[in-house]
Amino acid sequence: MHRTGPWLRAAEGAMLLGPDGIPAPTVFAEMSALAAATGAINLGQGFPDQDGPVEVLDAAVEAIRRGVNQYPPGRGAPELREAIAWHQAHWYGLSVDPDREVLVTAGATEALAATLLAFVEPGDEVITFEPFYDAYGALIRLAGGTHVTVPLTAPDFLPDEDTLRAAFSDRTRIVLVNTPHNPTGRVLPREVLATVLELAERHDAFVVTDEVYEHLTFGTMHVPVATLPGAADRTITISSAGKTFSTTGWKIGWLTAAPALVEAVVSVKQYLTFVNGAPFQPAVATGLRLPDEVFHGIARELSEKHDLLAAGLRSAGFDVMRPDGGYFVLADTAPLGYDDARAFCLRLPELAGVVGVPVSAFVRPERAAGYRSLVRFAFCKRRDVLSAAAARLAALSPAR
């Protein structure tokens with residue numbers, strides 16, 4: 001009989017298990033395999049198919065050649081920690097001590113994992129918005145916490161304030177805020193963040209933020225929770241380089257927080273990866289100090305790519321929900337006569353030679369009905385790929 005270890009058993013409530021007790025592949029792996037098997041255009045997984053700024057790539061090559069290939073310092077290379085502190089001051093007016101208030105991690109996911117494992121005890125509650133990035137549920141379970149969700153529903157994908165307030169209790173340990181949000185693309189407004197902070201203060205909880213799409217917004221300003229009055233001592237800000245610089249395989253992330261909070265996370269992180277990505281750390285430091293126009297240009301190009309794909313989706317007859325930022329656009333299959341997005345996604349390679357991901361994969365089963373007909377498509381691809389996908393999708397139109 002198949003036996004699972006304690007961590008896997010703890011996470012079973014956050015992942016789908018097969019009949020033999022072995023975790024089933026994630027929907028991302030399933031849909032990517034379907035794309036590979038059928039030759040369909042893969043708009044399911046959120047990874048770019050072209051490189052980011054050449055300055056960043058050249059800096060990595062130069063670092064390798066000058067011998068930056070061994071373990072970096074446990075908290076991260078000094079030049080990257082200094083660049084992260086500079087970045088927070090430059091973009092958001094935040095004063096961060098690079099030696100005591102910054103930790104470099106193996107992507108944002110490790111930062112989230114180490115933070116949850118550092119602060120969550122069995123019985124503690126962790127609040128997230130729903131839909132949520134699939135790692136959140138598994139990591140909360142691994143930490144022994146109870147996952148509490150607040151729905152973001154179409155068309156505006158903003159939380160109901162009464163529901164948000166009701167989610168908090170004296171057992172709330174962390175509220176995990178993802179903005180810009182995956183998969184909806186919503187940039188949460190300042191008033192929502194202020195309510196989250198107010199409730200965290202009232203219930204003595206920490207605010208942990210996932211801001212990996214912080215520079216990829218389309219005319220809506222991203223507001224870090226850490227910039228709000230009173231947030232400094234209870235907020236852990238997490239971000240990474242992968243999405244902004246199209247280097248998702250490098251896995252360079254970071255967190256910034258008050259010294260005592262960073263110390264607590266370090267105590268866990270040192271037993272996870274310990275360190276990673278030595279030559280990529282100075283390269284990311286180079287990226288973070290690039291001129292503002294580079295960041296604006298990256299966001300502008302991504303917005304144009306969204307428009308290209310969204311036009312094809314609308315031509316096909318989907319209802320399309322414009323995101324405020326990020327890599328993804330949501331489309332409703334109901335106008336095409338499909339009320340089950342998962343079944344639709346399984347047929348889409350045959351129907352149009354394209355792969356997407358059902359939004360129900362980002363919600364718990366009891367909430368799936370509210371997102372049943374929504375599909376997430378990634379537009380962080382080359383223009384020629386998006387043009388081909390848009391043309392294929394447009395052929396779905398009942399009028400054709």
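By convention here, each chain's residues receive numbers from 1 onward along its written sequence. The model is predicted, so local features are restricted to residues of pLDDT at least 70 and side-chain atom pairs to those at 80 or more, both for listing and for counting; the totals for chains, interfaces and linings are taken over all residues. The side-chain numbers reported here are obtained from all heavy atoms of the structure, hydrogens and water having been left aside.

1. Things to note about the overall build of the protein chain
Counting from the N terminus, the helices are the DSSP runs of H or I reaching at least four residues and the strands are the DSSP runs of E reaching at least two. On a plain count of helices and strands, the protein chain comes out with 14 helices and 13 strands. Here the C-alpha radius of gyration of the protein chain, 21 Å, is about what a compact globule of 400 residues would show, namely 21 Å. Across the 400 residues of the protein chain, 56% fall into the buried class. Only heavy atoms matter for contacts: two residues are in contact if any of them lie within 4.5 Å across the pair. Put simply, of all contacts in the protein chain between residues at least 6 apart along the chain, 75% involve residues at least 24 apart. Total accessible area on the protein chain is roughly 16,300 Å²; 53% of this is exposed by carbon and sulfur atoms. Residues scored as charged are limited to Lys and Arg (positive) and Asp and Glu (negative), so that His and the chain ends carry no count. To locate a charge, the coordinates of NZ of Lys, CZ of Arg, CG of Asp or CD of Glu are taken. Averaging the positions of the 34 positive and the 46 negative side-chain charges in the protein chain gives two centres separated by 4 Å. We compute the radius of gyration over the C-alpha atoms and compare it with the globule rule, which gives 2.2 Å times the number of residues raised to the power 0.38. Here's how the labels work: a residue is buried when its accessible area is under 20% of the maximum for its type, exposed when over 50%, partly exposed in between, all with a 1.4 Å probe on protein chains only. Note on areas: Shrake-Rupley with a 1.4 Å probe; residue coverage comes only from the protein chains shown.

2. Brief notes about the sheet that holds strand E4 (residues 146-151)
In this description, strands pair whenever DSSP reports at least two bridges between them. Overall, mixed pairing links the seven strands, which are arranged E2-E8-E7-E6-E5-E3-E4 in an open sheet. With partners counted over all chains shown, the strands left at the sheet margins are strand E2 (102-105) and E4, one partner each. Strand-to-strand, the axes of this sheet are offset by a mean angle of 20°, without reference to chain direction. One ladder, built from five bridges, connects strand E5 (residues 172-178) with strand E6 (residues 206-210); its direction is parallel. Inter-axis angles, ranging from 0 to 180 degrees, are taken between N-to-C directions of lines fitted to C-alpha atoms, where helices are fitted over the stretch in contact.

3. As for the packing of aromatic side chains
Pairing of aromatic rings covers Phe, Tyr and the six-membered ring of Trp, with a centre-to-centre limit of 6.5 Å; geometry is then stacked below 30 degrees between planes, edge-to-face above 60, and tilted otherwise. Under the defined criterion, the tally for this structure stands at 13 aromatic pairs. Measuring from ring centre to ring centre gives 4.8 Å for phenylalanine 119 and phenylalanine 206, while their planes differ by 50°; the resulting arrangement is tilted. Highlighted residues: phenylalanine 119 in helix H5 (residues 107-119) and phenylalanine 206 in strand E6, separated in sequence by 87 residues. Assessed through its relative accessible area of 7%, phenylalanine 119 is described here as buried. Three or more aromatic residues joined by ring pairs form one cluster here, namely Phe318, Tyr338, Phe344 and Phe377. A ring is considered to have a charge above it if a Lys NZ or an Arg CZ atom is located within 6 Å of its centre and within 35 degrees of its normal. Lying over the aromatic face of phenylalanine 328, arginine 376 brings its terminal NZ or CZ to 3.5 Å of the ring centre.

4. Quick look at the sheet that holds strand E13 (residues 374-378)
Spatially, the four strands line up as an open sheet ordered E9-E10-E13-E12, and their pairing is antiparallel. Looking at which strands have only one partner, the edges of the open sheet turn out to be strand E9 (319-321) and strand E12 (357-358). By the bridge criterion, two bridges tie E12 to E13 in an arrangement that is antiparallel. By the bridge assignment, proline 358 is partnered in E13 with valine 375. This element, helix H12 (residues 292-316), spans E9, strand E10 (328-332) and E13 of the sheet and lies at about 10° to E10.

5. Notes on the environment of proline 155
Structurally, the position occupied by proline 155 is in the loop between E4 and helix H7 (161-167). Residues proline 155 and glycine 337, spaced 182 residues apart in sequence, show a C-alpha to C-alpha distance of 19 Å.

6. Points about helix H2 (residues 27-38)
Across its 12 residues, H2 extends 16 Å between first and last C-alpha, which sits within 8% of the 16 Å expected from 1.5 Å per residue. Looking at the packing, one finds that the buried side of H2 touches strand E1 (41-42), helix H6 (134-142), helix H13 (341-352), strand E11 (354-355), E12 and E13. Positive backbone phi, approximately 75°, marks glycine 39, located one or two places after H2. To estimate how far a helix should extend, the number of its residues minus one is multiplied by 1.5 Å.

7. Let's talk about the side chain of threonine 244
Note that threonine 244 resides in helix H9 (residues 242-245). Classification of threonine 244 by relative accessible area gives buried; the value is 4%.

8. Re the pattern of salt bridges
For this analysis, a salt bridge means a side-chain nitrogen from Lys or Arg found within 4 Å of a carboxyl oxygen belonging to Asp or Glu. Applying the stated criterion across every chain yields a total of 20 salt bridges. Of the charged contacts in the structure, one is a salt bridge between arginine 75 and glutamate 263, with a shortest N-O distance of 2.8 Å. Note that arginine 75 is positioned in the loop between helix H3 (54-65) and helix H4 (78-92) and glutamate 263 in helix H10 (residues 259-269), a separation of 188 residues in sequence. Take glutamate 263: its relative accessible area is 46%, and that puts it in the partly exposed class. Among the ionic pairs, aspartate 324 bridges to arginine 186, the shortest N-O distance being 2.4 Å.

9. Comments concerning the packing of H12 against helix H14 (residues 383-394)
Relative placement of two packed helices is described by the angle separating their axes and the distance separating the axes. Where H12 contacts H14, the axes come no closer than 7 Å and their chain directions differ by 15°. Judged on the interaxial angle alone, H14 and H12 are roughly parallel. Judged by the sense of rotation from one axis to the other, the crossing of H12 with H14 is right-handed. Contacts between H12 and H14 pair Glu301, Glu304, Lys305, Leu308, Leu309, Gly312, Leu313, Ser315 and Ala316 from the former with Arg383, Leu386, Ser387, Ala389, Ala390, Leu393 and Ala394 from the latter. Note on terminology: angles under 35 degrees are roughly parallel, angles over 145 are roughly antiparallel, angles of 65 to 115 are roughly perpendicular, and the others are oblique. Put simply, a crossing is left-handed when the front helix is turned counterclockwise from the back one by less than a right angle, and right-handed when it is turned clockwise.

10. Topic: the confidence of the model for the protein chain
Averaged over the protein chain, the pLDDT score is 93; the fraction of residues at 70 or greater is 93%. Each residue gets a pLDDT score, which is the predictor's confidence in that residue and runs from 0 to 100. Every residue in residues 1-22 scores below 50 in pLDDT, and together they form 28 contacts with partners more than four places removed in sequence or on other chains.

11. Re the nonpolar core
Among the nonpolar cores identified, the biggest contains 73 residues, and Leu309, Leu313, Phe318, Phe377 and Leu393 are the most heavily contacted of them. Considering every element that reaches this core, the biggest residue donor is H5, with seven residues. Beyond its immediate chain neighbours, meaning those up to four positions away, leucine 393 contacts Leu309, Gly312, Leu313, Ala316, Phe318, Leu348, Ala352 and Val354. We define a nonpolar core as any set of buried Ala, Val, Leu, Ile, Met, Phe, Trp, Tyr and Cys residues linked to one another through side-chain atoms lying within 4.5 Å. Of all hydrophobic cores here, the second largest spans 30 residues; its members include Leu152, Leu193, Val196 and Ala205.

12. Section: the packing of H5 against H6
At a minimum axis distance of 9 Å, the contact between H5 and H6 shows a crossing angle of 30°. Looking at the two axes, H5 sits roughly parallel to H6. H5 and H6 meet at a crossing whose hand is right-handed. Counted together, Thr109, Leu112, Ala113, Leu116 and Leu117 of H5 and Ala135, Tyr136, Leu139, Ile140 and Leu142 of H6 form the full contact between these two elements. For this classification, Asp, Glu, Lys and Arg are treated as charged, while Ala, Val, Leu, Ile, Met, Phe, Trp, Tyr, Cys and Pro are nonpolar and the rest, including Gly, are polar. Among the residues making up the contact of H5 with H6, the classes are represented as nine nonpolar, one polar and no charged.

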